[in-house]
Amino acid sequence: IETADKYGFIAKENESMSKHTSFKIGGDARLFIEATSNEGLIDILTKCKELEIPVFILGKGSNLLVSDDGIDGVVIKLGGVFTQIKMLDSETIYCGAGVALAKLCSYACDKGLSGLEFAWGIPGSVGGAAYMNAGAYGGEMKDVLEAVSYLTADGRWVDSEASELDFSYRHSAFEENDACILG
């Protein structure tokens, strides 16, 4: 069953996770949802919390091993508005959490901006990179992030300065707060 995007998301029952991981393995997700709007994502997260259904937010599926038994819950992938990139001013990019890190690096390069070179070979999404403070070659996400937009576990939209998010080596506050990074 596939739900139309008119609700701000696309839902599929029993979707094979092997389609969504870099290792191409994994059983079915009971419900796989691609959120395409802020409203759709909020609705999904609110309903899952109300019904006590476990939720897993999926980035690009890199470095993710899913059991052949699958995932008994809801897997949410960020698409639509969460894959947008735009310039806020001549030196600041806003990037949705669902964007591939390599795409963000290319965008920054095309705009003549530097600082993200360390991230070029990291195979994940921008949201996943912020979540774990991804880094390589002496650079980390905390070095280039100014702010992060996210939904709290109770559905509130928050814009936080990066300095408020407890970034350290391969760590951020998101590992403890059950928030969903938006951009």
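Thresholds, definitions, all that
- Each chain has its residues counted from 1, running along the sequence as written.
- Local features are withheld for residues below a pLDDT of 70 in this predicted model, meaning they are given only at 70 or higher, and side-chain atom pairs are given and counted only at 80 or more; totals for whole chains, interfaces and linings count all residues.
- Side-chain measures here rest on the full set of heavy atoms in the structure, leaving out hydrogens and waters.
- Ring pairs are drawn from Phe, Tyr and Trp, using the six-membered ring of Trp, whenever the two centres fall within 6.5 Å, and their geometry is named by plane angle: stacked under 30 degrees, edge-to-face over 60, tilted for the rest.
- Put simply, DSSP H or I for four residues or longer makes a helix, DSSP E for two residues or longer makes a strand, and each gets a number counted from the N terminus.
- Two strands qualify as a pair provided DSSP detects at least 2 bridges between them.
- We call two residues contacting when some pair of their heavy atoms lies within 4.5 Å.
- What counts as an axis is a line fitted to C-alpha atoms, over the stretch in contact for a helix, and the angles between N-to-C directions run from 0 to 180 degrees.
- Per-residue accessibility, obtained with a 1.4 Å probe over protein chains only, is compared with the maximum for each type, and a residue is labelled buried under 20%, exposed over 50%, and partly exposed between these values.
- Throughout, the arc means the angular range of directions from the helix axis out to the C-beta atoms.

1. Observations regarding the packing of aromatic side chains
Under the counting rule described, the total for this entry stands at one aromatic pair. Summarising the aromatic geometry, the rings of Tyr150 and Phe174 are spaced 5.1 Å apart at their centres and angled 80° between planes, so their arrangement reads as edge-to-face. Note that Tyr150 is positioned in strand β9 (residues 147–151) and Phe174 in helix α4 (residues 174–177), a separation of 24 residues in sequence.

2. Comments concerning the sheet that holds strand β10 (residues 157–161)
Taken in spatial order, the three strands make up an open sheet running β10-β9-β11, and their pairing is antiparallel. Taken across any chain shown, the strands that pair with only one partner, and hence form the sheet edges, are β10 and β11 (180–181). One ladder, built from five bridges, connects β9 with β10; its direction is antiparallel. The residue of β10 that forms the bridge with Val148 is Ser160. Helix α1 (residues 38–50) contacts β9, β10 and β11 of the sheet and is inclined by roughly 50° relative to β9.

3. Some remarks on helix α2 (residues 101–110)
Every buried residue of α2 is accounted for by Leu101, Leu104, Cys105, Tyr107 and Ala108. Along the axis of α2, the buried residues cluster in a sector spanning 160°; they form a single face. Turned more than 90 degrees off the buried face of α2, the exposed positions are Lys103, Cys109 and Asp110. In this structure, the buried residues of α2 make contact with β5 (85–89), β6 (92–95) and α3 (126–132). The positive-phi residue at the C-terminal boundary of α2 is Gly112, with phi of around 75°.

4. Brief notes about the pairing of strand β4 (residues 71–78)
Looking at chain direction, strand β2 (residues 28–35) and β4 are connected through six bridges and run parallel. By the bridge assignment, Glu34 is partnered in β4 with Lys77. In terms of strand pairing, strand β3 (residues 55–58) meets β4 through four bridges, oriented parallel. Its bridge partner lying in β4, Val55 is registered against Val74.

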